[in-house]
Amino acid sequence: ELPAEGRMLAVPWQGSSALALVLTGSETEAALEKFRRALAAAESENRAIKSFLDRIPEGIVTLDGKGIIEGANAQAAALFGQGQNDMAGHSLGEFLAPESERVAREYFERVANGANGDGNGIDVAARAGENRLIPLALTLTRTGPEHFAAMFHDITASRQFEEELRNAKREAAQATAAKNEFLTKVSHDIRTPLNAITGFAEVIMAERFGPIGNERYREYVKDIHAAGTHLVAVLNDLV
């Protein structure tokens, strides 16, 4: 309660007249000035917070207790292809693909009902224009009794990396299969005549049809048999 002087004046009001009570007094003026300073400080703090949020690389959207957007930082507006002021008053699902809208709504309900949303985000697809979707990681956090913050992270690069990794693995598997097929065919085509060579060499070394007659020939046959046996072992290692 503050002491003040009051003046009652007749003033026009919507085509009729009304009474206006004008309060004056030093203490009233001091209270008003204090209020103005507090309001200016709060506005300055809000501008600083907004500037900070706009510099964050992740998209941040604030929501009320019904999941209606109250505000968005610059990155969130850019991700969804909207103006920052254009997103307020809309539900979050309006900016998501149909299949992601249901998932995001269920996620919001879980967090609103007390589930811990920190670190347990979901993947959604955002509408960024006609026929264009952006994969995003969404994490919800409660910031007050009826207020929530949704953080979005663009995972396009990671999705592309995962796709490239899958393609590389698939190509490697195809190359391995082709190599194995080639080695199997080569092994089969070589093994048959090679077995004949080593088999005939063993027959000659055993002199089953008569003596060799020359010691140098005997050494040559041993070398042929050893070489053939070595090639068989190499084929066994390859296949």
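Given the structure is predicted, the values throughout are model-derived calculations rather than measurements.

Moving on: the overall build of the protein chain. Helices and strands together make up the secondary structure of the protein chain, namely 6 helices and 7 strands. In summary, the protein chain has a C-alpha radius of gyration of 41 Å against a globular reference of 18 Å for 239 residues, an excess of more than 25%. By element, 57% of the accessible surface of the protein chain is carried by carbon and sulfur atoms, the whole surface being about 16,600 Å². Positive and negative side-chain charges in the protein chain, numbering 25 and 34 respectively, have mean positions lying 5 Å apart.

Time to look at the pattern of salt bridges. Tallying each qualifying case throughout the model produces 4 salt bridges. A salt bridge links Lys 185 to Asp 189, with the nearest nitrogen and oxygen atoms 3.1 Å apart. With Lys 185 and Asp 189 both in helix H5 (residues 156-205), this residue pair falls 4 residues apart, about one helical turn. According to the relative accessible area criterion, Asp 189 is partly exposed, its value standing at 42%. Linking Arg 218 and Glu 207 is a salt bridge whose minimum nitrogen-to-oxygen distance equals 2.3 Å.

Ranked by size, the top nonpolar core spans 27 residues in total, and within it Val 61, Leu 63, Phe 80, Met 87, Leu 136, Leu 138 and Phe 152 carry the most contacts. Mapped onto this core, the elements with two or more residues apiece are strand S3 (59-64), strand S4 (69-72), helix H2 (74-80), helix H4 (98-112), strand S5 (122-127), strand S6 (133-144) and strand S7 (147-154). Aside from chain neighbours lying at most four places away, what touches Leu 136 is Leu 79, Phe 80, Ile 122, Asp 123, Val 124, Ala 126, Phe 152, His 153, Asp 154 and Ile 155.

What follows is about unusual backbone geometry. Among all residues except glycine, the phi angle is most often negative; among peptide bonds, the trans geometry is most common. Although it is not a glycine, Gln 14 sits at a positive phi angle of roughly 55 degrees. Looking at where Gln 14 falls in the secondary structure, it is placed in the loop between strand S1 (5-13) and strand S2 (16-24). One non-glycine residue, Glu 207, lies in positive phi territory at about 55 degrees. With respect to the helices, strands and loops of the structure, Glu 207 is situated in the loop between H5 and helix H6 (215-238). Residue class for Glu 207 comes out partly exposed when judged on its relative accessible area of 25%.

Calculation notes
- Residues numbered from 1 in each chain as written.
- Predicted model: local features only at pLDDT ≥ 70, side-chain atom pairs only at ≥ 80, totals over all residues.
- Heavy atoms only, no water.
- Helix = DSSP H or I, 4+ residues; strand = E, 2+ residues; numbered from the N terminus.
- Rg over C-alpha atoms; globule rule 2.2 N^0.38 Å.
- Areas by Shrake-Rupley, 256 points an atom, 1.4 Å probe, with all protein chains shown as cover.
- Lys, Arg positive; Asp, Glu negative; His and termini not counted.
- Charge placed at Lys NZ, Arg CZ, Asp CG, Glu CD.
- Salt bridge = Lys/Arg side-chain N within 4 Å of Asp/Glu carboxyl O.
- Buried < 20%, exposed > 50% of the residue type's maximum accessible area, 1.4 Å probe, protein only.
- Core = buried A, V, L, I, M, F, W, Y, C linked by side-chain atoms within 4.5 Å.
- Contact = heavy atoms within 4.5 Å.

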